[in-house]
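The primary structure of each chain is shown beneath.
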Amino acid sequence: MSAYEITVIIIAITLIGFSMNLFYLMKSFKVGILCLILLASAEFCVERMHYEIKWYIFTIMPFYLFSLIYMMVKLRIRIDTALKRIDEREKQEAQEARMEKIRSGAAEMAEHYKSDPELKELNEFVGDYRDNDPV
């Protein structure tokens with residue numbers, strides 16, 4: 001075996017290791033197992049056809065690129081959902097802050113209403129008066 005063939009084998013094993021590590025980190029075990037089965041069948045076909053060793057690396061490259069693209073898409077989806085959650089949380093916090101201001105303002109007005117007779121008269125004038133006349 002020449003140094004070139006050894007280098008190609010090391011590169012191939014490294015690429016397989018990196019792609020399986022990506023699948024493991026992203027908890028995509030089903031896709032990783034499927035990818036390994038397809039890779040093994042492709043390597044078996046290349047070996048049965050008695051191609052040179054450089055063809056082994058060419059059969060491994062699409063699987064490695066697929067795993068990279070798959071991980072980038074999965075990460076992009078996760079980032080988008082995280083950004084949506086952050087936006088929803090900020091909107092919810094802003095709404096809670098507004099509601100707290102409204103509650104504190106209502107509590108303050110209730111205190112004024114209890115102590116200020118002028119407000120009581122105004123409220124009776126505006127709409128606190130009930131008409132008990134049956135129609």
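The preceding data block contains the structure.
Just so we're clear, the structure is a prediction, and the values are computed from it rather than from any experiment.

Enquirer: Looking at this model, I keep getting lost on helix 1 (residues 3-25). Mind explaining?
Expert: Residues that lie three or four places apart on an α-helix share one face, since the helix turns once every 3.6 residues. For helix 1, spanning 23 residues, the distance from its first C-alpha to its last is 32 Å, which sits close to the expected 33 Å at 1.5 Å a residue. For helix 1, the complete set of buried residues consists of Val-8, Ala-12, Leu-15, Ser-19, Met-20 and Phe-23. Lys-27 occupies a position one or two residues after helix 1 and carries a positive phi of about 60°.

Enquirer: Could you clarify how one ought to interpret empty space enclosed by the protein in this entry?
Expert: Leftover empty space is mapped by rolling, across the atoms, a probe with the size of a water molecule. Counted according to the given criterion, the structure contains one cavity of 30 Å³ or more. Computed from the structure, the largest cavity encloses a volume of approximately 40 Å³. Residue lining of the largest cavity: Ile-16, Ser-19, Met-20, Cys-35, Leu-39, Ile-60, Phe-63 and Tyr-64, and that is the complete set. At the level of secondary structure, the elements contributing two or more residues to the lining of the largest cavity comprise helix 1, helix 2 (29-48) and helix 3 (54-115).

Conventions we followed
Residues numbered from 1 in each chain as written. Predicted model: local features only at pLDDT ≥ 70, side-chain atom pairs only at ≥ 80, totals over all residues. Heavy atoms only, no water. Helix = DSSP H or I, 4+ residues; strand = E, 2+ residues; numbered from the N terminus. Expected span 1.5 Å × (residues − 1). Buried < 20%, exposed > 50% of the residue type's maximum accessible area, 1.4 Å probe, protein only. 1 Å grid on protein atoms, 1.4 Å probe; cavity = no way out; pocket = protein on both sides within 12 Å on 5 of 7 lines; lining within 4 Å. Points joined across faces, edges and corners; volume = space filled by probe spheres on them.

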